[in-house]
Amino acid sequence: MRTIKLTLLVLGLTIIAFAYNADAKDASELMKKSHMAYYYAADDGLSEVNMRLINKRGKERVREFTMLRLDESDGGKQMYYTYFKSPSDVARMTFMVHKTPGGNDARWIYVPSVDLVKPISADDKNSSFVGSDFSYEDVSGRHWTEDNHKLLEESTLNGKEVYVIESVPKEDFNAFHKKLTYIDKETLLPMKEEYFDKDGEMTQIMRLEKVETVDGIPTATVRSMENLKKGSKTIVEFNSIDYNLGLKDNLFTERYLKNPPRKYIR
Amino acid sequence: MRRLLVFAVIFTALSVTTARAELYFGGFLQGLYGGRTDDTNPTATEYTASETRLQLRMEHFGDNAEFFGRLDFFYDAAVAPQYDWELREGYAKFRLGSKIDVKVGRQILTWGTGDLIFINDVFAKDYRSFFIGRDDQYLKAPQDAVRMAWYNPIGELSIAWTPRFEPNRLPTGQRLSFYNPMAGGIIGTQAQGMPLEPEAKFDNSEIASRLSRRFGFYTAALYFYRGFYKNPVGFDPNAQAAYYPELNVYGASIRGMLMGGILWLEGGYMHSRDDEDGDNPYVPNSTIEGLFGYEKQIASNLTANLQWQVEYMQDYETFESQQMPGSQYRDELYHLLTSRITKLMMRELLTLSGFIFYSPSDEDLYLRLMAEYKYTDEVILAVGANIFDGEYESTEFGQFQKNDNLYAKITYGF
C-alpha cells in the first residue's frame with residue numbers, strides 16, 4: 001500500500017514536472033519569464049550607468065547617470081529614478097517614471113538650475129532615451145502581452161543554448177514589425193534581439209555583451225543597441241550594481257525628485 | 001556684504017560636516033554676443049549682449065546636510081567694459097526629522113504650472129537676461145530665502161520666506177528700451193531714477209506658500225503669497241517715483257496627464273492691497289487671472305504646447321474714468337495666447353525651438369526663436385532671435401518693439 005502511494009506520488013510529480021516543462025516552452029510564458037529575469041530582477045536595484053552613443057562616423061558621446069528601480073510586484077508597476085551626472089549641461093537633473101504595464105506611464109523631470117518640476121507627455125514610448133539608440137521602452141521593457149509570440153527553434157548562440165522566439169505586435173507598432181529574441185535557456189536573459197521592419201529587413205540588434213552574477217542574480221552588465229539603418233550604436237555599461245536595497249516607494253515622489261536621496265546617489 | 005556672509009556660512013559649514021562627505025565641481029565658460037536690429041532704438045549701445053561668463057558650481061554633501069554654490073564671474077562689454085560677479089545660488093539643505101526639508105540661503109525658487117507665464121510664482125524673474133538670449137536658468141533671479149517643505153498626510157506644505165524683498169530685474173534702458181508713462185513714450189538712456197524698494201524691515205518680508213498633493217496622474221495645489229508686486233507698477237506722487245505696491249495672491253492649480261499629453265489649469269486673485277477699491281490711479285487694480293495649457297508630443301521628437309491666459313480687472317469703470325481721453329489703455333479682459341514648439345533632431349544634438357506670446361487684446365507679440373547644437377558633449381553652439389511687435393508703445397510687449405535682437409552663444413561645459 002505504501003509503495004503504491006509512493007509510486008503515485010512520484011508519478012504525479014513527474015507529470016507536474018513534464019507539464020511545467022511544456023509550459024515553460026510555451027513561447028509567451030518564456031517571454032514573460034525572460035522579462036522577469038531581465039527587467040524585474042530582485043525587488044529593487046541600483047546601478048551606475050555609463051552610456052556611450054557612437055554615430056556612424058565613430059564620434060562618441062557619453063551620458064552618465066545613476067538609476068534606481070523599485071518593483072511594486074513582479075510583472076506589475078515599476079518606478080524608475082534617474083540622476084544625471086554628465087555631460088555638464090544635464091548634470092544634477094533628475095528624471096522619474098512611474099510605469100504601469102498596459103497603461104500610461106507618468107514621467108517627470110526636475111531642472112535644478114531653475115527649480116522646475118515638469119511632467120513630460122509620454123505618448124511615444126518609442127522615442128529615444130537621451131538621444132541614444134535605446135528607446136524609453138527598451139530601458140524599462142515592452143510588456144510581453146503586447147505581442148504574439150511563437151517559439152521558432154532551440155538553437156545555440158555563442159556556445160549557449162537558446163530559445164529563439166518570434167514576436168509580432170498585436171497592434172501596429174512603428175518601432176518594429178517583427179522581433180526575434182534569443183533567450184538563454186539557463187539564465188532566461190534575452191541575449192540578443194533582432195528587430196525587423198515590414199519589408200522584412202533587419203533594422204536594429206540588441207545584444208547583451210556581458211552577463212555577470214550579482215548577488216546571485218544573472219545580470220546583463222553590458223548591453224548594446226545597434227541601429228543598422230543609421231549606422232549608430234549605443235553601448236551601456238552598468239556598474240556598482242546593487243539589488244534588494246530596501247527602497248521605499250516614497251523615494252519615487254516629487255520630494256526626492258527635487259532632493260536626490262544621497263544615501264544612494266552621490 | 002550679504003553675499004560674503006552667505007559665503008562665510010557655507011564654508012564654515014563645509015568645514016564641520018560629517019564623514020563620508022564628498023565634494024563635486026562643475027560649471028561652464030560661455031560667450032554671448034548679440035545686437036539689436038532696429039537702428040532707431042534709443043538705447044546706449046547697439047549691443048544687447050557682449051559678455052564672457054564663467055560659472056563655477058560646487059556641491060558638497062555629507063550624510064546630514066548638503067551645500068551648493070553657483071558663482072558667476074563675467075566680463076560684460078555691451079554698454080561699457082566691466083568685470084563683475086554674482087552668487088547665483090549658495091545654500092545649505094538639511095532635514096528636520098524625517099518630514100521636513102529645509103533650504104537656507106541664496107536660491108532659485110519656482111512653482112506653478114505655466115510655461116513662461118507666472119500667476120502664483122511670485123518669485124523674482126530676470127527679464128534683462130530673458131530678452132537677450134542668456135540661458136533659461138537666468139530667467140529666474142535668485143532670492144535670499146528660507147524654504148521649508150513639510151510632508152504631511154494632507155500633502156506637501158512649502159513655505160518660502162524672503163526676509164528682504166527681491167524685485168524682478170527689468171530693462172533699464174541701457175541696452176533694452178521700454179515705455180515710460182512719465183515720458184509718454186519709449187525711452188533708452190534717459191531712464192529715470194530707480195524705483196523705490198520697500199523698506200528693509202520684518203513687516204516687508206515676502207511669504208510664499210504652497211500646499212500640494214498628488215491625485216493619481218494629477219497634482220493639485222493651493223497657493224498664497226504676501227508681499228509686493230515684483231514690478232514697480234505703482235507711482236508715489238509725493239516722491240515722484242515708481243514703487244512696488246503691496247500685493248497678496250491667492251491661487252490654485254492642477255496639472256496632469258490627459259489624452260497622452262499634459263494639461264494644466266491655474267488661477268489666482270491678485271489682491272492689490274494699496275488700492276482696495278480700485279480708485280487710486282497710481283496703483284494697479286486687483287485682478288483675477290486664469291491660465292489654461294496643454295502640451296503634447298505631436299510627432300516623433302516634436303512637442304508643442306498652447307496656453308491661454310485671461311486677466312480680469314476689478315473696478316474697471318473706475319480705472320477707465322481715470323484714463324486720459326484718446327490714450328491707449330488695457331481692456332477689462334486681457335488675453336494672452338502662447339505656444340511653444342520644440343523639435344529635436346540628429347539624435348537630440350540639434351534643438352530647434354520657438355515660443356510665441358501673442359495678446360489679441362493688447363495687440364502685441366513676442367517671438368523667441370532658437371537653434372542649439374551640441375557640437376560635442378562639452379561644446380554647445382546656439383543662435384537665436386528675440387522679436388517684439390505691438391500696435392501700441394505702452395503694452396507689455398509693445399513697449400519692447402525696438403529691441404529686436406539676434407544673438408550667438410558658445411558654451412564650454414565642464
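From N to C terminus, chain B includes three helices and 22 strands. Taking the principal axes of the C-alpha coordinates as reference, chain B spans close to 70 × 50 × 45 Å. Counting only residues that meet the buried cut, chain B has 51% of its 414 residues in that class. About 18900 Å² of surface is accessible on chain B, with carbon and sulfur atoms providing 61% of the total.

This next bit is on the overall build of chain A. From N to C terminus, chain A includes four helices and 13 strands. The C-alpha atoms of chain A give a radius of gyration of 20 Å, which matches the 18 Å a tight globule of 266 residues would have. The C-alpha extent of chain A, read off along each of the three principal axes, is 80 × 45 × 35 Å. Within the span of chain A, comprising 266 residues, buried residues form 55% of the whole. Restricting the contact set of chain A to residue pairs at least 6 apart, pairs at least 24 apart contribute 45%. The positive charge centre, built from 40 side chains, and the negative charge centre, built from 42, are 3 Å apart in chain A.

Below, the discussion takes up the environment of B:Gly27. Looking at the element boundaries, B:Gly27 is found in strand β1 (residues 22-36). Along the backbone, B:Gly27 and B:Arg210 are 183 residues apart, and their C-alpha atoms lie at a distance of 31 Å. If we ignore the near neighbours within four places in the chain, the residues touching B:Gly27 are A:Ser88, B:Gln55, B:Arg57, B:Tyr412, B:Gly413 and B:Phe414.

This next bit is on the packing of aromatic side chains. Using the criterion set out here, one finds 36 aromatic pairs over all chains in the structure. Arranged with centres 6.4 Å apart and planes meeting at 45°, the rings of B:Trp111 and B:Tyr223 form a pair that is tilted. Placement of B:Trp111 in the loop between β5 (100-107) and α2 (127-130) and of B:Tyr223 in strand β11 (residues 218-228) is noted, with a sequence separation of 112 residues between them. Ring geometry for B:Tyr127 and B:Phe130: centres 6.0 Å apart, planes at 80°, overall edge-to-face. Separated by three residues within a single helix, B:Tyr127 and B:Phe130 lie in helix α2, roughly one turn from each other. Taken together, the ring pairs in this structure connect B:Tyr127, B:Phe130, B:Phe131, B:Phe355, B:Phe357, B:Tyr366, B:Phe388, B:Phe397 and B:Phe400 into an aromatic cluster. A cation over a ring is seen here: A:Arg92 above B:Phe68, with NZ or CZ 3.7 Å from the ring centre. Its guanidinium or amino end placed over the ring of A:Phe173, A:Arg142 lies 4.1 Å from that ring's centre, counting from NZ or CZ.

Per-residue pLDDT for chain A has a mean of 89; in total, 90% of the residues score no lower than 70. Within chain A, strand β1 (residues 44-54) of chain A carries the highest mean pLDDT (97), whereas helix α1 (residues 2-25) of chain A carries the lowest (55).

Between its first and last C-alpha atoms helix α2 (residues 27-39) of chain A spans 18 Å; for 13 residues at 1.5 Å apiece the expected length is 18 Å, and the two agree. Buried residues of α2(A): A:Ala27, A:Leu30, A:Met31, A:Ser34, A:His35, A:Met36, A:Tyr38 and A:Tyr39, and no others.

With 58 residues, the main nonpolar core has A:Leu68, A:Phe252, B:Phe130, B:Phe131 and B:Phe357 as its most contacted residues. Beyond its immediate chain neighbours, meaning those up to four positions away, B:Phe131 contacts B:Pro171, B:Leu176, B:Tyr366, B:Asn386, B:Phe388, B:Phe400 and B:Asn405. Core analysis: the next-biggest nonpolar cluster, separate from the first, contains 50 residues, A:Ala27, A:Val90, A:Ile217 and A:Ile241 among them.

Here the focus is the pairing of strand β3 (residues 78-86) of chain A. Residue and element names in this part refer to chain A. Counting buried positions along β3 yields eight of nine residues, so the element is predominantly enclosed. Alignment of strand β2 (residues 60-71) against β3, held across eight bridges, turns out to be antiparallel. Paired with Leu70 across the strands is Met79, a residue of β3. What sits between β2 and β3 in their antiparallel hairpin is a turn of six residues, with Gly75 showing a positive phi close to 85°.

Moving on: the side chain of B:Arg57. Positionally, B:Arg57 belongs in strand β2 (residues 47-61). Among buried Asp, Glu, Lys and Arg side chains, B:Arg57 stands out as unpaired, with B:Glu59 the closest opposite charge at 5.8 Å. Look past the residues within four positions of B:Arg57 in its chain and what remains in contact with it is A:Ser88, A:Ala91, A:Arg92, B:Tyr24, B:Phe25, B:Gly26, B:Gly27, B:Phe68, B:Gly69, B:Arg70 and B:Phe414.

With a probe scaled to a water molecule rolled over the atoms, the places where space remains empty come into view. All names here are of chain A. For the coordinates displayed, the defined rule picks out ten cavities of 30 Å³ or more. Approximately 440 Å³ is the volume attributed to the second largest cavity. The wall of the second largest cavity is formed by 29 residues, among which Ser47, Met67, Arg69, Arg223 and Phe238 lie closest to the centre. Tallied by class, the residues present in the lining of the second largest cavity amount to 23 nonpolar, three polar and three charged.

What follows deals with the interface of chain B and chain A. If you look at the interface, chain B gives 51 residues, while chain A gives 47 residues. Interface area for chain B against chain A, summed over the two sides, is near 4000 Å², with a carbon-plus-sulfur share of 40%. Together, B:Gln297, B:Arg347 and B:Asp377 form the three largest contributors to the area buried by chain B at its contact with chain A, with a combined 19%. Joining chain B to chain A, the criterion identifies eleven salt bridges. One salt bridge in this structure joins A:Arg262 and B:Glu66, with 3.0 Å as the shortest N-O distance.

Rules used throughout
Residues numbered from 1 in each chain as written. Chains lettered and ligands numbered in written order. Predicted model: local features only at pLDDT ≥ 70, side-chain atom pairs only at ≥ 80, totals over all residues. Heavy atoms only, no water. Helix = DSSP H or I, 4+ residues; strand = E, 2+ residues; numbered from the N terminus. Buried < 20%, exposed > 50% of the residue type's maximum accessible area, 1.4 Å probe, protein only. Areas by Shrake-Rupley, 256 points an atom, 1.4 Å probe, with all protein chains shown as cover. Rg over C-alpha atoms; globule rule 2.2 N^0.38 Å. Contact = heavy atoms within 4.5 Å. Lys, Arg positive; Asp, Glu negative; His and termini not counted. Charge placed at Lys NZ, Arg CZ, Asp CG, Glu CD. Phe/Tyr/Trp six-rings, centres within 6.5 Å; stacked < 30°, edge-to-face > 60°. Lys NZ or Arg CZ within 6 Å of the ring centre and 35° of its normal. pLDDT = per-residue confidence, 0-100. Expected span 1.5 Å × (residues − 1). Core = buried A, V, L, I, M, F, W, Y, C linked by side-chain atoms within 4.5 Å. Pairing = 2+ DSSP bridges. Salt bridge = Lys/Arg side-chain N within 4 Å of Asp/Glu carboxyl O. 1 Å grid on protein atoms, 1.4 Å probe; cavity = no way out; pocket = protein on both sides within 12 Å on 5 of 7 lines; lining within 4 Å. Points joined across faces, edges and corners; volume = space filled by probe spheres on them. Nonpolar A, V, L, I, M, F, W, Y, C, P; charged D, E, K, R; others polar. Buried area = accessible area lost by both parts, 1.4 Å probe.

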